[in-house]
Amino acid sequence: RIYITGIELFQENLMPHRTVFNNEHLDLGAKDNFLGFNFVALDFDAPEKIRYSYYLEGFDNEWIHAGTRDYATYSNLPPGKYRFMVKAETSKSVQSGIAEVSFIIATPWHQTNFAYLAYMAGIALAIAMILKIREGRLVSKQNSVLAAVNIKQEDANKQLETLSTSDPLTGLYNRRYFNVFFEEHFMLAKRSQRPISVIMFDIDHF
């Protein structure tokens, strides 16, 4: 048989009181990503010629043949689920079983689903604020343009009213103005029951 005899975290023995870690499961923190594994297999004929192979499921693409090296080290492991497996082969090509250790490296808080939702909400809020500010500026600009147009329209209406009620040659009020003015004062006199007089001049050769 082959045994996993030690697990190191940042080159320090994780559990010094333990001697065998076969079938162990570990829950590690988000920053616990520098791991080392020690292993051993016994061969009384030629212990120095035992060859090892190991494989970290979730990280390695294939089995790694380590020769007689009886340890494996991994650094900067990303968050996720892993299973470390190791096996041995004697000088007479007798193969051992597989010893394994499973572990989970936690996801940092800034990479969790909740954090991503918070990021998305923050981005959406920022976009909404930018659009709101832009919309406010556009509305303010449009209101300014509309106010200027209204002023011009009022001026044009006043000019049009002046042109429609006065004679362009003399600048005096015309018949149209007389009709409007007379109707207003006639109704006022009728309502207040007061007399109203009209004086007309017939000017020849005007």
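Residues numbered from 1 in each chain as written. Predicted model: local features only at pLDDT ≥ 70, side-chain atom pairs only at ≥ 80, totals over all residues. Heavy atoms only, no water.

The next thing to look at is the sheet that holds strand β7 (residues 71-74). If you walk across this open sheet you meet the four strands as β2-β1-β4-β7, and the pairing is antiparallel. This sheet does not close on itself; its edge strands, each paired only once, are β2 (12-13) and β7. Bridging between strand β1 (residues 2-9) and β2 involves two bridges; their strand directions are antiparallel. Bridge pairing in β2 links Leu-9 to Glu-12. (Pairing = 2+ DSSP bridges. Helix = DSSP H or I, 4+ residues; strand = E, 2+ residues; numbered from the N terminus.)

On to the sheet that holds strand β3 (residues 24-28), then. Read from one edge of the open sheet, five strands run β3-β9-β8-β5-β6, paired in mixed fashion. Edge positions in the sheet fall to β3 and β6 (64-67), since each of these pairs with one other strand and no more. The mean inter-strand angle of the sheet, taken between neighbouring strand axes irrespective of direction, is 20°. Sheet topology places strand β5 (residues 51-57) next to β6; three bridges connect them, and they run antiparallel. Residue pairing across strands places Ser-53 opposite His-65, the latter belonging to β6. (Axes fitted to C-alpha atoms, helices over the stretch in contact; angles between N-to-C directions.)

By size, the foremost hydrophobic cluster in this structure holds 28 residues, and its most contacted members are Tyr-54, Tyr-74, Leu-77, Phe-84, Val-86 and Phe-103. Elements with a contribution of two residues or more to this core: β1, β3, β4 (35-41), β5, β7, β8 (80-89) and β9 (99-105). (Core = buried A, V, L, I, M, F, W, Y, C linked by side-chain atoms within 4.5 Å. Buried < 20%, exposed > 50% of the residue type's maximum accessible area, 1.4 Å probe, protein only.)

The next point concerns the pairing of β4. For a regular strand, side-chain orientation follows a simple rule: the groups alternate between the two sheet faces. Counting buried residues along β4, five of its seven residues qualify, which places the element largely inside the surrounding structure. Taken together, the seven bridges between β1 and β4 define a ladder with antiparallel strand orientation. Residue pairing in the sheet places Ile-4 in a bridge with Phe-39 of β4. The pairing of β4 with β7 spans four bridges and is antiparallel.

Considering the arrangement of structural elements, one finds Met-15 in the loop between β2 and β3. According to the relative accessible area criterion, Met-15 is buried, its value standing at 17%. C-alpha separation for the pair Met-15 and Arg-69, spaced 54 residues apart in sequence, amounts to 22 Å. Discounting chain neighbours no more than four positions away, the residues touching Met-15 are Ile-7, Phe-21 and Leu-26. (Contact = heavy atoms within 4.5 Å.)

Ring pairs (aromatic) are described by centroid distance and by the angle formed between their planes. Summed over the entire model, instances satisfying the criterion amount to 17 aromatic pairs. Geometrically, the ring pair formed by Phe-59 and Tyr-74 is edge-to-face, given 5.6 Å between the ring centres and 90° between the ring planes. A residue pair is termed long-range when its members are at least 10 positions apart, and Phe-59 in the loop between β5 and β6 and Tyr-74 in strand β7 qualify at 15 residues. By relative accessible area, which is 5% here, Tyr-74 ends up buried. Ring-pair connections join several aromatic residues into one group, and the members of that group are Phe-37, Phe-39, Tyr-52, Tyr-54, Phe-59, Tyr-74, Tyr-82, Phe-84 and Phe-103. The lysine or arginine in question, Arg-18, covers the ring of Phe-21, its NZ or CZ lying 5.1 Å from the ring centre. (Phe/Tyr/Trp six-rings, centres within 6.5 Å; stacked < 30°, edge-to-face > 60°. Lys NZ or Arg CZ within 6 Å of the ring centre and 35° of its normal.)

Without other data, these values stay purely geometric and don't point to any function.
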